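Each chain, letter by letter, is given below.
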Amino acid sequence: MPPRKIIIDTDPGQDDAVAILLALASADEIEVLGLTAVAGNVPLHLTARNARMVCELAGRPDIPVFAGCDRPLGRDLVTAEHVHGKTGLDGPDLPDPAMPLQDAHAVDFIVDTLRAEPPGTVTLCPLGPLTNIAMAFEKAPDIVNRVAEIVLMGGAYFEVGNITPAAEFNIYVDPQAARIVFKSGAKLTVMPLDVTHKALVTKPRNDAFRALGTPVGVAVAQMTDFFERFDKEKYGSAGAPLHDPCVTAYLIRPELFTGRHINVEIETQSELTMGMTVADWWRVSGRAPNAMFMGDIDADGFFTLLTERLARL
Ligand code: BDR
Ligand code: CA
């Protein structure tokens, strides 16, 4: 099987960084066509910078990185410096990127790539708010049918919310964009908090990253050390959830995840529950399924894969 061609749409974010590193370490399974940055965890100028720093950390300054939308479709931007630090990538001391940002807008790159590649061969991997993807679908509806699959991190059902009591961060930041994507008809696989809250970086797992002894292994350990201080306090758990790498791990080892093909709608009206993913887990609504909504992960298998792949960089 040739590697799957993907575009990673991202707002790094330490966990985004690990997701990108995992993809770049897995050339047999994944060909990264480009990274598209979006405003989310921190403003766009920082996510576009962080994305390039991660490529350079992986020794891949050849990966094209594009800047996209600097704010959600219909709301003010909400950021998460309280989790990810001022830069979005606090923890390791990484050098400023030397590689350039591409001139083209991320949305145009997504549209042009989907039109240029054979239909059904490009997978989109959103790791942040869905603004760039929704903009691309609105601008060029012809590309929707050309998408192989969208594998995204976002939403929650049993775990409900992490930025409000009802909503997960990525969906909450741009619910209008999420609604467009979930209604698009594209094949959708969702990694919600129900999965990612089981992918906890415990001390032995973090020690394993550090023990790689490579710049990548040490940087990943420092990143997880950083956001752990917040998450451990918040969740009272044994470690912080490593959300976004679930997306790229799924592309490599889909059998690590189980879920249900169900209907998922996005709340865009109520301020109280704004951005809630109304997931019909029990199939009571009669509404047509539109997403493979994951519910469980083989966490040990996931961390074994991650550590083994990061060792390759
Ligand atoms: C998501 O929000 C961000 O803070 C993380 O990078 C992840 O994509 C988790 O809710
Ligand atoms: Ca993210």
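Scroll up a little and you will see the structure.
Because the structure is predicted, anything quoted here is derived from the model rather than measured. (Residues numbered from 1 in each chain as written. Chains lettered and ligands numbered in written order. Predicted model: local features only at pLDDT ≥ 70, side-chain atom pairs only at ≥ 80, totals over all residues. Heavy atoms only, no water.)

Once that is clear, we can look at the overall build of the protein chain. Along the backbone of the protein chain there are twelve helices and twelve strands. Scaling as 2.2 N^0.38, a compact globule of 313 residues should have a C-alpha radius of gyration of about 20 Å, and the protein chain matches this with 18 Å. Considering only C-alpha atoms, the protein chain reaches an extent of 50 × 45 × 40 Å along its principal axes. Both charge centroids of the protein chain, one from 27 positive and one from 41 negative side chains, sit 3 Å from each other. (Helix = DSSP H or I, 4+ residues; strand = E, 2+ residues; numbered from the N terminus. Rg over C-alpha atoms; globule rule 2.2 N^0.38 Å. Lys, Arg positive; Asp, Glu negative; His and termini not counted. Charge placed at Lys NZ, Arg CZ, Asp CG, Glu CD.)

Of all five residues making up strand β4 (residues 122-126), five are buried, and the element is well covered by its neighbours. Where burial is concerned, the two faces of β4 agree: the one with Val-122, Leu-124 and Pro-126 and the one with Thr-123 and Cys-125 are both buried. Pairing analysis gives five bridges linking strand β1 (residues 4-10) to β4, with the strands arranged parallel. Paired with Ile-7 across the bridge in β4 is Leu-124. In this structure, β4 lies alongside strand β5 (residues 147-153), joined through three bridges in parallel fashion. From the neighbouring strand, Val-122 faces β5, where its bridge partner is Val-147. (Buried < 20%, exposed > 50% of the residue type's maximum accessible area, 1.4 Å probe, protein only. Pairing = 2+ DSSP bridges.)

This next bit is on the coordination of the calcium ion (ligand 2). On the protein side, the calcium ion (ligand 2) has Asp-11 (OD), Asp-16 (OD), Asp-16 (OD), Leu-127 (O) and Asp-244 (OD) as donor atoms, found 2.3 to 2.6 Å from it. Every donor residue of the calcium ion (ligand 2) comes from the same chain, spaced as D-x4-D-x110-L-x116-D. Of this pair, Leu-127 sits in the loop between β4 and α5 (131-139) while Asp-244 sits in the loop between β8 (240-241) and α11 (245-252), placing them 117 residues apart in sequence. For Leu-127, a relative accessible area of 1% puts it in the buried group. Judged by relative accessible area, which is 2%, Asp-244 ranks as buried. (Donors = N, O, S within 2.8 Å, 3.2 Å for Na, K, Ca; no water.)

As a further point, take unusual backbone geometry. Cis geometry is adopted by the peptide bond preceding Gly-13, which originates at Pro-12 and carries an omega value of -10 degrees. A positive phi is found at Arg-283, a non-glycine position, where the angle reads about 50 degrees. Tracing the backbone shows Arg-283 in the loop between β11 (277-279) and β12 (291-297).

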